[in-house]
Every structure is written in structure tokens, then in C-alpha cells.
Amino acid sequence: YSYSCTEGENRQLWSSGHHLKSCRDVAFSQDGQKLFTVSKDKSIHILTVEEGRLETRLPKAHSSALNCVLPIDNHVFATGDDGGGLKVWDLRKGDAILEARQQEEYISAMAVDGNGKILLTASGDGTLGVFNVKRRRFELLSEPQNGDLTSVVLLKRGKKVACGSSEGTIYLFNWDGFGAASDRFALRAESVDCMVPITDSIVCVGSLDGVIRAVNVLPNRVLGCVGQHLGEPIEQLVVAPGGQLLASCAHDQKVKFWDVSALGGLVVDDYRKKKKKGGPLRALSGKAAGSGEDFFADLRDEAE
């Protein structure tokens, strides 16, 4: 799709039906020229972004259904499957350069450091896996946390790693201490299903209750509600280039866009005002609380 903030400007450019079973994850290559897709049919497809032409197909890439894909650079990408298997592929060789099965449950999400050297995998068994892509080897597993780990992002200029869990907790790890979580932060949410960094300290979190929360990490605060898909579990969040817009998709079959430009300027200090437990979330955008304002209304400051 090409999308626009003005009415009637969104349009479908092409669609592909190459996969035989459900398409589980898609990712743009770093240069934006290719689209990686992985499927329950165990295959990896690489399509051209402009025409949607199938350029590379890797059938039976894993022994289990594929769940996620992460491009690392223009030639190397990683895939994770339902059985805890990880593979790192090099397109120049046309084959996997690293294969590992260290985790016991599905790989839910992956992240890589800025140098493309250390790869992190979150798993349904509650562990965070650490792999060295450059040396092509497994490094270590964290101790299991409560619930499935559903997401993993780097924060604080790469010094901290945050993982979301199906129990509604965000676990924090120090970059040099992946064995055990250094901190945990329980949200008043049913789950943390997906997470995307907005700034070095602020993440947006999608949950089973359909609410997108903005959360500051260290100091740990829920800043408020960015938007929602009423009562529909949120599947995926992504920030558009430039960091102004957040896109979300949920079980209501809709992709919604939210203005998150004001989050970059929020400063959260250590001092915490006493607040009534169980109060409503602060609305961080005009649409977040279901108000009738313009869809991309500027985020308004509300007296707390």
C-alpha cells in the first residue's frame, strides 16, 4: 500500500498470493527495495517492493512453520520458527550461515545491535537468546521469565534491552548482563503483545485489550494512551520513517495511523506524583480516547 494522511489517498499497489499457508511476518530490506515474507508453509519469499515480483524463494527453509524474519544488512537476514529454531542466511551464499535450536518454544521476535553483530531472540519459553552473527555462534540464554516473551527492543543507545511478555510485564536487561533481568515493570494491561521504540526511552506497547500505551523506561512510567482498536487484540506496531507516525494493525482488519510526534519532546523525571490507582489512561492524541477531533489532531497537553 501507499498511504497518506489525506482522505482517499491510500491505495493498494499490489498483492501476492505466493505462499501456500498463512503469511506470518513481513519486513522491508534496509535499502527498502525488497520485501521479506515468511509463512506457516515453511518457506521464505523475497519480493521486489516496486512490482511485487517474486525474486527469491527458499522452500522448506525450516523444519517447523516460520514465525518471524529480521533483515540484518543488505545480504544477511535471520528467521525464527515455531519450534525455537533460528537460522541466519546470507543471500550471497544462498544458504544458512548459522543454525541453532537453543530455545524450546516459538521465536516470537528478534532484534539486532547497531553493528549487526549481536542478535537477540525472544521466545515463547520465556527466555531471551543471544547469538553472535559475526562469529556464527550461540552465546547464552537468559533465565526464563514469567509468561511468553513476545517482543524485544533496544533502548538507551543500545545499553538496555526491553522484552514484553504475555503476562503484561516488561523485563529489562543490561547489554552486558543477559543472564538475568535487571528490572521489571508490570503494566496494567492483559499482555504486552508487541512493542516498538519511539525514542531512546519511550516505547509504544500493543496489548490484548486493544489499547496502545506509551511507556517510558527508566524511570518506568505509563505515559498514557496513544490510540486503540476497541476490544481487538493488537498484532503489530511499526513507526514510519521520520518517527512522526505510528501504524497499528489488529483483529478488526484495519491499519490505523497515530501521530506520535509529541512523544519525542516528553521529559519524564524521577519524581512521581501520587495518583489514584485504577484511574483512566491519559489520552496522548485526539483519537486516543475516542474523541471526535481530527484523526491526526496534534497531541494535546492535558493537566494531569
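Being a predicted model, the structure only gives us computed values, none of them experimental. (Residues numbered from 1 in each chain as written. Predicted model: local features only at pLDDT ≥ 70, side-chain atom pairs only at ≥ 80, totals over all residues. Heavy atoms only, no water.)

**Q** What am I meant to see in the sheet that holds strand S15 (residues 169-174) here?
**A** Note: strands within a sheet are paired through backbone hydrogen bonds, in either parallel or antiparallel orientation. An order of S13-S14-S15-S16 is seen for the four strands of this open sheet, with the pairing classed as antiparallel. With partners counted over all chains shown, the strands left at the sheet margins are strand S13 (149-155) and strand S16 (183-186), one partner each. Recorded for the sheet is a direction-independent mean angle of 20° between the axes of neighbouring strands. With four bridges connecting them, S15 and S16 associate as antiparallel partners. Looking at S16, one finds that Thr169 is bridged to Ala186. (Pairing = 2+ DSSP bridges. Helix = DSSP H or I, 4+ residues; strand = E, 2+ residues; numbered from the N terminus. Axes fitted to C-alpha atoms, helices over the stretch in contact; angles between N-to-C directions.)

**Q** Just checking my understanding: could you explain the side chain of Thr169 for this structure?
**A** With respect to the secondary-structure elements, Thr169 resides in strand S15. Take Thr169: its relative accessible area is 11%, and that puts it in the buried class. Residues contacting Thr169, with those up to four places away along its chain left out, are Cys163, Gly164, Arg184, Phe185, Ala186 and Val192. (Buried < 20%, exposed > 50% of the residue type's maximum accessible area, 1.4 Å probe, protein only. Contact = heavy atoms within 4.5 Å.)

**Q** Just to check I follow, could you spell out the environment of Val38 for this structure?
**A** Here Val38 shows up in strand S2 (residues 34-39). On a C-alpha basis, the gap between Val38 and Phe185 in space is 32 Å, while along the polypeptide they are 147 residues apart. Here Val38 is in contact with His19, Cys23, Arg24, Asp25, Ser43, Ile44, Leu66, Asn67, Cys68, Val69 and Thr79, once residues within four sequence places are set aside.

**Q** How should the nonpolar core be read in this particular structure?
**A** When a protein is soluble and globular, its nonpolar side chains tend to lie buried together. Within the largest apolar cluster, 17 residues are counted, with the highest numbers of intra-cluster contacts made by Cys204, Ile212, Val226, Leu237, Leu246 and Leu263. Setting aside residues up to four positions removed in sequence, Leu237 forms contacts with Cys194, Val196, Cys204, Val205, Gly206, Ile212, Leu246, Ala247 and Ser248. Of all hydrophobic cores here, the second largest spans 15 residues; its members include Leu70, Val88, Leu98 and Val133. (Core = buried A, V, L, I, M, F, W, Y, C linked by side-chain atoms within 4.5 Å.)

Any link to function would need more than the numbers given here.
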